[in-house]
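Single-letter residue listing:
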Amino acid sequence: MSKILDGKTVSASVKEAVRTQVKELSKDGISVGLAVILVGGNPASKIYVANKKKACEETGIKAFEYTLDENVSQSELLSLIETLNAKKEVNGILCQLPLPPHIDERAVIAAISPEKDVDAFNVSNVGKIVIGNYDFLPCTPAGIIEILDYYGIEVEGKNCVVIGRSNIVGKPMALLLMHRNGTVTICHSKTENLASVTSGADILVSAVGKAGFVTADMVKPGAVVIDVGMNRAEGKLCGDVCFDEVSKIAGYITPVPGGVGPMTVSVLLKNTVTAAKRQNGR
Ligand code: NAP
């Protein structure tokens, strides 16, 4: 039976460190603020935004919430971002994705000042990550690295396979594993003989978004299995990995819920503190 990689525990330790740093900064008169923009009423996005706001409150970060109508124009949204870029009390800006189809996500991400881009989606921050000289790391992949570190799982020299090549999870995940000296393979929907690739992985990360996608025959016995997927099956939240069968052969596994998900929020808070420090010359 696998050892469970408990994201709630790791997330709590990251939040504790954030809380301490926010307190230290406040002694010097520096407050830490995060602006969260929600456009429209996507139910999943509403839950994510509420969770982020709650986590801010728990750690002493001031949350500025902006809820915009589904039909808001792109120029109105860009103008709000411009205002927030200039607002001193706001150290980080997050615009919850996905956005309605009439809004160009890339233009919105590009409008966020790189110094306040705590999601690290802006091309200038992505470029910094590629060359390994960054201020912020994207929250979900960085959260996975925090989990590996917490449990003392070494990446160097390991065969790492990432399923998924999105800009927010798969690609940056592969980069971070490469920065840790893993030997990285990226798989996607056009990959042939997927199981033959994944079954060679010492560390397997699945970021596909399909329930029941990773089965036991795709996993090397003793492997570390990281399940990024957040899917609904029969009304219940689940990952990409068939937990019951894979947990019998993997060495380590993240559950869903309670694995990667909580880490995404805690790294966001960590990035917001980093932004506040940088903006105050720390
Ligand atoms: P995405 O943009 O839809 O990307 C999915 C990736 O999976 C794509 O690269 C796609 O390949 C690949 N894929 C689809 N079918 C495949 C197949 N049959 N074989 C191999 N690869 C296949 O999704 P995302 O934004 O990266 O998110 C992935 C999952 O993670 C979702 O469930 C999302 O909800 C979850 N997520 C969780 C967190 C968290 O905090 N836990 C954060 C972000 C995302 P192509 O590129 O070829 O299309």
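Above: the structure in question.
Figured I'd write up the structure that's included with this text. Counting starts from 1 at the beginning of each chain's written sequence and moves along it residue by residue. Per-residue local features are limited, in this predicted model, to residues with pLDDT of at least 70; the limit for side-chain atom pairs, both in listing and counting, is 80 or more; totals at the level of whole chains, interfaces and linings are taken over all residues. For side-chain calculations, the full set of non-hydrogen atoms in the structure is used, while hydrogens and water are omitted.

Attention now goes to the pattern of salt bridges. It is possible for side chains of opposite charge to pair when their charged atoms get near one another. Counted as salt bridges are all cases of a side-chain nitrogen of Lys or Arg within 4 Å of a carboxyl oxygen of Asp or Glu. Counted by the stated rule, this structure contains 11 salt bridges. Residue Lys-27 pairs with Glu-24 through a salt bridge whose shortest N-O separation is 3.1 Å. One end of the pair is Lys-27 and the other is Glu-24, both in helix H1 (residues 7-27) and 3 residues apart, which spans about a single turn. The class for Lys-27 is exposed, based on a relative accessible area of 62%. When its relative accessible area of 44% is taken as the criterion, Glu-24 is described as partly exposed. A salt bridge links Asp-28 to Arg-282; the shortest N-O distance between them is 2.9 Å. Note that Asp-28 is positioned in the loop between H1 and strand S2 (33-39) and Arg-282 in the segment after helix H10 (260-279), a separation of 254 residues in sequence. Here the term buried applies to any residue with accessible area under 20% of the maximum for its type, exposed to any over 50%, and partly exposed to those in between, with areas from a 1.4 Å probe on protein chains only. Residue classification places Asp-28 among the partly exposed residues on the basis of a relative accessible area of 47%. One network of salt bridges, with partners in common, ties together Lys-15, Lys-54 and Glu-58. Numbering of helices and strands runs from the N terminus; a helix is a DSSP stretch of H or I covering at least four residues, while a strand is a stretch of E covering at least two.

The next subject is the sheet that holds strand S1 (residues 3-4). As a general point, the strands of a sheet are linked pairwise by backbone hydrogen bonds and lie either parallel or antiparallel. In spatial order, the strands read S1-S11-S8-S7-S5-S6; together these 6 strands make up an open sheet with parallel pairing. The sheet is open, and its two borders are formed by S1 and strand S6 (183-187), each paired with just one other strand. Should DSSP find at least two bridges between two strands, the strands are regarded as paired. Looking at chain direction, strand S5 (residues 159-163) and S6 are connected through 5 bridges and run parallel. When the sheet's bridge partners are listed, Val-161 is paired in S6 with Thr-185.

Turning next to the site of the ligand. Being near a molecule or strand, for a residue, comes down to having at least one heavy atom within 4 Å of it. In the vicinity of the ligand, 21 residues are found, and the nearest of them are Arg-165, Ser-166, Ser-189, Met-230 and Thr-264. Two N or O atoms count as a polar contact when they lie within 3.5 Å, although within protein this holds only if one can serve as hydrogen donor and the other as acceptor, and sequence-adjacent residues are included solely when both atoms are side-chain atoms. A distance of 2.5 Å separates an oxygen atom of the ligand from a polar atom in the side chain of Ser-166. At 2.5 Å from an oxygen atom of the ligand is found a side-chain nitrogen or oxygen belonging to Ser-189. Here the Shrake-Rupley method, with its probe set to 1.4 Å, supplies the accessible areas, and only the displayed protein chains count as covering residues. Here the ligand, which alone exposes 920 Å², has 71% of that area covered by the protein. At 3 residues, the largest contribution of residues to the shell around the ligand is made by H10. Residue composition of the shell around the ligand, by class: 9 nonpolar, 10 polar and 2 charged. Asp, Glu, Lys and Arg are counted as charged, while Ala, Val, Leu, Ile, Met, Phe, Trp, Tyr, Cys and Pro are counted as nonpolar; the rest, among them Gly, fall into the polar class.

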